[in-house]
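The lines below spell out each chain.
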Amino acid sequence: MLFGEDTERKQLERAMRDAGRLPPGQSLTLKWPVLHAGSVPRFDPERWDFEVKGLVEKPMRFTWQEFNKLPQREVVADFHCVTRWSRFDNRWKGVPVMEILKLVGAKPEARYVMVNAEHGYTANLPLADFASPKSLFAFLHDGEPLTAEHGYPARLIVPHLYAWKSVKWVRGFELLPEDQPGFWEQNGYNMHGDPFKEQRFGTD
Ligand SMILES: Nc1nc2c(c(=O)[nH]1)N[C@H]1C(S)=C(S)[C@@H](COP(=O)(O)O)O[C@H]1N2
Ligand SMILES: [Mo]
């Protein structure tokens, strides 16, 4: 029954808010909305690559095959969109960001990251957030390959920041000495984006 389902959702929402797990100004969704700018890109495994550049000891480029051979792990995490919905307990599987950072080696001057995706989408974040143990380049969600609209074949997941930093259709990243605004950040979104501090827009 619709009414019953909504009551259940609201009860869960209140419990999660009280437990400190739902960030301020967010509501819980049991569905999984799709949100992005532009069109869904087509995946061509022959042409796909993942490029790591900027302030790294060893710039690297991975083919789709090579990228798939990197160590993988699973992370269960909540997902918070700045448009005020949160989706709990997503089970992601993919390549931890740390695995790639170990291979390329961040130079000491590297402090920020620009993440690059298809169609020129970008998102910036501090290297310390990017390198968090729960950040990963995910292939699977709840045991299934990502659907095209959720970022197939791979997307970044940084669970502790607003979801616009969780770049779909990811194709690489660049380490930088200074912070530079990405796609939404150029349009007024926050440079950091911590949902628990409600860093939605502006400088803080
Ligand atoms: N490449 C790309 N990644 C993106 C976006 C985008 O426009 N392009 N939108 C972001 C935003 S605002 C959100 S809320 C999440 C939504 O992910 P979902 O569509 O899988 O729910 O993707 C993020 N990643
Ligand atoms: Mo979002």
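Below is a summary of the structure that appears in this document. (Residues numbered from 1 in each chain as written. Chains lettered and ligands numbered in written order. Predicted model: local features only at pLDDT ≥ 70, side-chain atom pairs only at ≥ 80, totals over all residues. Heavy atoms only, no water.)

**Remarks on the nonpolar core**
Among soluble globular proteins, nonpolar side chains are generally buried collectively.
Line of reasoning, step 1. Counting 40 residues, the largest nonpolar core has Phe50, Phe67, Ile100, Phe130, Phe137 and Phe173 as its most contacted members.
Line of reasoning, step 2. When residues in this core are grouped by element, the largest group, four residues, is from helix 3 (residues 97-104).
Line of reasoning, step 3. Dropping the residues within four chain positions of it, Ile100 is found in contact with Phe50, Val52, Phe62, Phe67, Leu70, Val95, Phe137 and Phe173.
Line of reasoning, step 4. Counting twelve residues, the second-largest nonpolar core is a separate cluster that includes Val75, Cys81, Ala138 and Ile157. (Core = buried A, V, L, I, M, F, W, Y, C linked by side-chain atoms within 4.5 Å. Buried < 20%, exposed > 50% of the residue type's maximum accessible area, 1.4 Å probe, protein only. Helix = DSSP H or I, 4+ residues; strand = E, 2+ residues; numbered from the N terminus. Contact = heavy atoms within 4.5 Å.)

**A word on the site of ligand 1**
Line of reasoning, step 1. Neighbouring residues of ligand 1: 19 residues in total, closest Pro33, Ala37, His150, Arg155 and Lys168.
Line of reasoning, step 2. Between ligand 1 and Lys168, the relevant distance is 2.5 Å, taken from an oxygen atom to a side-chain nitrogen or oxygen of the residue.
Line of reasoning, step 3. For ligand 1, the protein covers 99% of the area, taking 530 Å² as the surface of the free molecule.
Line of reasoning, step 4. In the shell around ligand 1, the residues fall into 14 nonpolar, three polar and two charged. (Near = heavy atom within 4 Å. Polar contact = N/O pair within 3.5 Å; in protein donor to acceptor, adjacent residues only side chain to side chain. Areas by Shrake-Rupley, 256 points an atom, 1.4 Å probe, with all protein chains shown as cover. Nonpolar A, V, L, I, M, F, W, Y, C, P; charged D, E, K, R; others polar.)

**Quick notes on the sheet that holds strand 6 (residues 112-117)**
Line of reasoning, step 1. Strand order in the open sheet formed by five strands is 3-2-11-6-7, and the pairing between neighbours is mixed. Each edge of the sheet is formed by a strand with only one pairing partner; in this case those strands are strand 3 (60-63) and strand 7 (122-126). Averaged over all pairs of adjacent strands, the angle between strand axes in this sheet comes to 15 degrees, irrespective of strand direction.
Line of reasoning, step 2. Pairing of strand 6 with strand 7 involves five bridges; the strand directions are antiparallel. What sits directly across from Val115, in strand 7, is Ala123. (Pairing = 2+ DSSP bridges. Axes fitted to C-alpha atoms, helices over the stretch in contact; angles between N-to-C directions.)

**A closer look at the environment of Glu46**
Line of reasoning, step 1. The residue Glu46 is located in the loop between strand 1 (27-28) and strand 2 (49-54) in this model.
Line of reasoning, step 2. For Glu46, a relative accessible area of 72% corresponds to the exposed category.
Line of reasoning, step 3. Residues Glu46 and Gln65, spaced 19 residues apart in sequence, show a C-alpha to C-alpha distance of 9.2 Å.

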